[in-house]
Amino acid sequence: MAVIHRTTLKPTKLELLTSWLPSRPWYGGAGAPEPARAGGFRLDDPDGEAGIEFMVVTDAAGPRPAGYLVPLTYRGAPLDGAEHALIGTAENGVLGLRWVYDSCHDPVLVAQLLALIDGRVQAQAQSTSDTPDLEVTRSYAGAGLTSPDVTTTAVDDQEGTELPAPQGTTLRLHRVLRPAPDGSPLLPEGATGHVGGTWQLPDGTRARGLFAALHTSSRS
């Protein structure tokens, strides 16, 4: 299991995101972002090379507060071929210099997210070592998923990020988060699998919503 180090990070994750968020087509804020940590979870890299975090941030820079899903990977060396996905570098008080990536472009994130959807791994608490996050939900109705053999190309649009997945499926990450009505299912129509979770709204209440969905084909 990944170990969560209680130490400093300079610049902080939120400082890195303040500079990076306006470059994303799915970011709907106006002016300088004001990101605040609102939730998330982690996954383990079986090879121990990368830290994997699904961070939820809320932002008050637009006409109304918005929530965004920001998957990140933290590496001790640059990831070959992923220069376009680099959010920035930061100095960890224990681990030293870390390269922080938009992890939709990182093959380890894609493989572990598919394993989560398939039920082969469990989501871990965002800030506590060796602790499952029981608020994260997942489902999958198809045959066993395999990990992609090669790095796939992630494509951003105004709502999220889409990338090809194995067995003719498409993995879609919902970057712009929307609270689901109480008691409603999170699995979208036509999807074969999903990951959902919770986060805190600016007014202090908790919301649940869809983080990622697996579709049998790309949607228009």
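Residues numbered from 1 in each chain as written. Predicted model: local features only at pLDDT ≥ 70, side-chain atom pairs only at ≥ 80, totals over all residues. Heavy atoms only, no water.

Novice: Whenever I open this one, the layout of surface pockets confuses me. Can you help?
Specialist: To find the voids left in a structure, one rolls a probe of water-molecule size over its atoms. Roughly 370 Å³ of volume is contained in the second largest pocket. As for the second largest pocket, its lining consists of 22 residues, of which Arg64, Pro65, Ala66, Gly67 and Val176 are closest to the centre. Elements that contribute at least two residues to the lining of the second largest pocket include exactly strand E3 (50-59), strand E4 (66-75) and strand E12 (176-177). Its residues assigned to classes, the lining of the second largest pocket comprises 13 nonpolar, 6 polar and 3 charged. (1 Å grid on protein atoms, 1.4 Å probe; cavity = no way out; pocket = protein on both sides within 12 Å on 5 of 7 lines; lining within 4 Å. Points joined across faces, edges and corners; volume = space filled by probe spheres on them. Helix = DSSP H or I, 4+ residues; strand = E, 2+ residues; numbered from the N terminus. Nonpolar A, V, L, I, M, F, W, Y, C, P; charged D, E, K, R; others polar.)

Novice: What should I look at first to understand unusual backbone geometry in this one?
Specialist: Of all residues except glycine, most have a negative phi; of all peptide bonds, most are trans. Note the cis peptide between lysine 10 and proline 11, where omega equals -10°. Here proline 11 is to be found in the loop between strand E1 (9-10) and helix H1 (13-20).

Novice: When you look at the packing of aromatic side chains in this model, what are you seeing that I'm missing?
Specialist: Two descriptors summarise a pair of aromatic rings, namely the distance from one centre to the other and the angle between the planes of the rings. This model, assessed by the stated rule, comprises 6 aromatic pairs. Plain terms: the ring middles of phenylalanine 41 and phenylalanine 211 are 6.2 Å apart, the flat faces sit at 10° to each other, and that makes the pair stacked. Taken as a pair, phenylalanine 41 in strand E2 (residues 35-43) and phenylalanine 211 in strand E14 (residues 206-215) lie far apart in primary sequence, 170 residues in all. On the basis of relative accessible area, phenylalanine 211 is assigned to the buried category, the value being 2%. Arranged with centres 6.1 Å apart and planes meeting at 35°, the rings of tryptophan 199 and phenylalanine 211 form a pair that is tilted. Taken together, the positions of tryptophan 199 in strand E13 (residues 191-200) and phenylalanine 211 in strand E14 put the pair 12 residues apart, joining distant regions of the chain. Residue tryptophan 199 shares its accessibility class with phenylalanine 211, and that shared class is buried. (Phe/Tyr/Trp six-rings, centres within 6.5 Å; stacked < 30°, edge-to-face > 60°. Buried < 20%, exposed > 50% of the residue type's maximum accessible area, 1.4 Å probe, protein only.)

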